[in-house]
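Below are the chains, spelled out letter by letter.
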Amino acid sequence: CYVGSDGKMELIDADAAATMPGVALATATITEDASGVFLIRGFMRDDTWNWTVGGILYGSTTAGGMTNTAPSGSADQVQVVGVALSADIVYFNPSLTLVEVA
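Residues numbered from 1 in each chain as written. Predicted model: local features only at pLDDT ≥ 70, side-chain atom pairs only at ≥ 80, totals over all residues. Heavy atoms only, no water.

Looking at this structure, how should I read the nonpolar core?
Across soluble globular proteins, nonpolar side chains have a tendency to be buried as a group. In this structure, Leu-25, Leu-39, Met-44, Trp-49, Trp-51, Leu-57, Met-66, Val-81, Ala-84, Val-90 and Phe-92 together form the largest nonpolar core, which totals 11 residues. Secondary structure elements with two or more residues in this core: strand S9 (80-84) and strand S10 (89-92). (Core = buried A, V, L, I, M, F, W, Y, C linked by side-chain atoms within 4.5 Å. Buried < 20%, exposed > 50% of the residue type's maximum accessible area, 1.4 Å probe, protein only. Helix = DSSP H or I, 4+ residues; strand = E, 2+ residues; numbered from the N terminus.)

I tried to follow the sheet that holds strand S5 (residues 42-45) on my own but got confused; where do I start?
Across a sheet, paired strands are connected by hydrogen bonds in the backbone, their directions being either parallel or antiparallel. Taken in spatial order, the 5 strands of this open sheet run S5-S10-S9-S6-S7, and their pairing is antiparallel. A strand with exactly one partner marks an edge of an open sheet, and here the two such strands are S5 and strand S7 (66-67). When strand S6 (residues 56-59) meets S7, the two strands line up antiparallel, connected through 2 bridges. Note that in S7 the partner of Tyr-58 across the bridge is Thr-67. (Pairing = 2+ DSSP bridges.)

Below is the structure:
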């Protein structure tokens, strides 16, 4: 998630600079305008994940997602958000550095 102009957490989307950088990871699905728990930095497990162990994680072009593959489309925003420690455990530690794909 990134901090929106209204101060609320919003889903990141690496397709646009306006929806980046990601600064937090929601620990569960949160509906619009609802309260929720966010991880700012640390470890999280989700049994539905299937990451490449040791792989770098990036903000995804799918809203609210992470991916093992850096975004590569024109004007995509590349942000490292963590690393996969196992198939279902990540160390979330988002860099605030964004690189725009030309």
